[in-house]
Amino acid sequence: MENVENMSSERPIRLSLPSKGRLAEDSLEFLAACGLQINKPNPRQYEANIPNLPDLVVLFQRPGDIVVSVRDGSVEFGITGIDVYEEHKGSNGEAMLLHDALGFGHCNLALAVPEAWEEVLSVNDLRQRVANLGRSLRAATKFPLLTGKFLQVHGIPHTLISAEGTLETAPAIGYADIISDLVSSGQTLKDNRLRALQDGVIQPSQAALIANRQALRTRPKALAMARQLLEYFEAHLRAIENLAIFANMRGSSAEAIAGRIFTQPTIGGLQGPTISPVFVRNGEKNWFAVHIVVQRDRLFRSINELRSIGGSGVVVAPVTYIFEEEPARYAAMLQALEIKDAENS
Ligand code: AMP
């Protein structure tokens, strides 16, 4: 299936983004928040670029098609849902997950039954119900592979009904008994008098970065792009969980202030606090500035701790990026590809 022409080292590296659906807008927003704004010169064209990554061409495809294109190597990278990745990834391992938690597009592929099936709350109950039906269960879905596997593993005889449009009406219309569909808030199920089974989650999903394995192995440019994308994504995702705090504090020395900070549980910072002298206009010598990074959900605890040890003028600022020595998922990718780090340093 490999397309030799497409795999040519001449062609620029490509990243496919969802062209429609819930992931489309959120992908652009996510990339912009990472500092990778998309520039789409012509809104009708299916091609765009990212000024901060000039070697990359951005394409727009349907989420399922993105997986197929990454698999066959016509594009090197894609952002799509784990649900469609798992459904369409195939068995040859050519499409691989580089980042499985981009933090948006959360949903579950789940089984839902008509509300009228009052006694069916779990998959076990469903098996019982099907046994009483005396025929196989008709399940409507856009995810036949994952749904079929799930029903098979749970010993439920079934017939899959592939549907393209709105699935939720299938049981009411009568061409299916149950559905297997993406559920986010659950409102659509409710509106259609359906109910998710307690243990009926087939595949938890959110947006992910996927890549063509062969391209990473054979094209240094693709490997370098994987690193850049993962650098931006990881540094951004780590940053949004944190806040930067600056405070002034009086003390006899930087060491004395560090000692006070380390008596507190929350404000130790990532490595430890940065403490620097403040040059006060009147020449007073015992003022210091403390700079720490804290988890966003611990902000008020941190401010109280700072106040309790004499902090004043506390300034809180968002963090754009937090870069570690190397993106953890890049290291994991090299390991999965059996590429030694030294070869790329
Ligand atoms: P909700 O009513 O919020 O549970 O959303 C359910 C509807 O939105 C169904 O039609 C799903 O197919 C669709 N949906 C929910 N989450 C996603 C997602 N992350 N990606 C694509 N479609 C989704």
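Summary of the structure given here.

## Section: the overall build of the chain
Logical step 1: Along its length, the chain carries 12 helices and 15 strands.
Logical step 2: When its C-alpha atoms are laid out on the principal axes, the chain stretches across 90 × 55 × 40 Å.
Logical step 3: Out of the 345 residues in the chain, the part that is buried amounts to 46%.
Logical step 4: Summarising the internal contacts of the chain: among those between residues at least 6 apart in sequence, 72% fall at separations of at least 24.
Logical step 5: Of the roughly 17800 Å² that the chain leaves accessible, carbon and sulfur atoms contribute 50%.

## What about the nonpolar core?
Logical step 1: Membership of the largest hydrophobic core comes to 39 residues, with the highest contact counts inside it found for Phe77, Leu98, Leu216, Phe233 and Met333.
Logical step 2: The biggest single contributor to this core is helix α9 (residues 220-239), with 9 residues.
Logical step 3: Once residues lying within four places of it in the same chain are set aside, the contact partners of Leu98 are Phe77, Leu209, Ile210, Ala211, Leu216, Ala226, Leu230, Arg329 and Met333.
Logical step 4: If you look at the next biggest cluster of nonpolar residues, it comprises 28 residues, including Val57, Val84, Leu109 and Trp117.

## Quick word on the pairing of strand β14 (residues 287-295)
Logical step 1: The sheet contact formed by strand β12 (residues 242-250) and β14 spans 9 bridges and is antiparallel. Bridge pairing in β14 links Ala247 to Val290.
Logical step 2: Where strand β13 (residues 274-277) and β14 come together, 4 bridges link them in antiparallel fashion. Note that in β14 the partner of Pro277 across the bridge is Phe288.

## Quick look at the site of the ligand
Logical step 1: Every residue near the ligand is listed here: Arg22, Gly105, Cys107, Glu168, Asp181, Leu182, Val183, Ser184, Ser185, Gly186, Gln187 and Thr188.
Logical step 2: One of the backbone nitrogen or oxygen atoms of Gly186 is found 2.7 Å away from an oxygen atom of the ligand.
Logical step 3: A distance of 2.5 Å separates an oxygen atom of the ligand from a polar side-chain atom of Thr188.
Logical step 4: Coverage of the ligand by the protein amounts to 80% of the 480 Å² it exposes when considered alone.
Logical step 5: Contributing elements (two or more residues each) for the shell around the ligand: β9 (178-183) and α7 (187-191).
Logical step 6: When residues in the shell around the ligand are grouped by element, the largest group, 3 residues, is from β9.
Logical step 7: Residues of the shell around the ligand, tallied by class, amount to 3 nonpolar, 6 polar and 3 charged.

How each quantity is defined
Residues numbered from 1 in each chain as written. Predicted model: local features only at pLDDT ≥ 70, side-chain atom pairs only at ≥ 80, totals over all residues. Heavy atoms only, no water. Helix = DSSP H or I, 4+ residues; strand = E, 2+ residues; numbered from the N terminus. Buried < 20%, exposed > 50% of the residue type's maximum accessible area, 1.4 Å probe, protein only. Contact = heavy atoms within 4.5 Å. Areas by Shrake-Rupley, 256 points an atom, 1.4 Å probe, with all protein chains shown as cover. Core = buried A, V, L, I, M, F, W, Y, C linked by side-chain atoms within 4.5 Å. Pairing = 2+ DSSP bridges. Near = heavy atom within 4 Å. Polar contact = N/O pair within 3.5 Å; in protein donor to acceptor, adjacent residues only side chain to side chain. Nonpolar A, V, L, I, M, F, W, Y, C, P; charged D, E, K, R; others polar.

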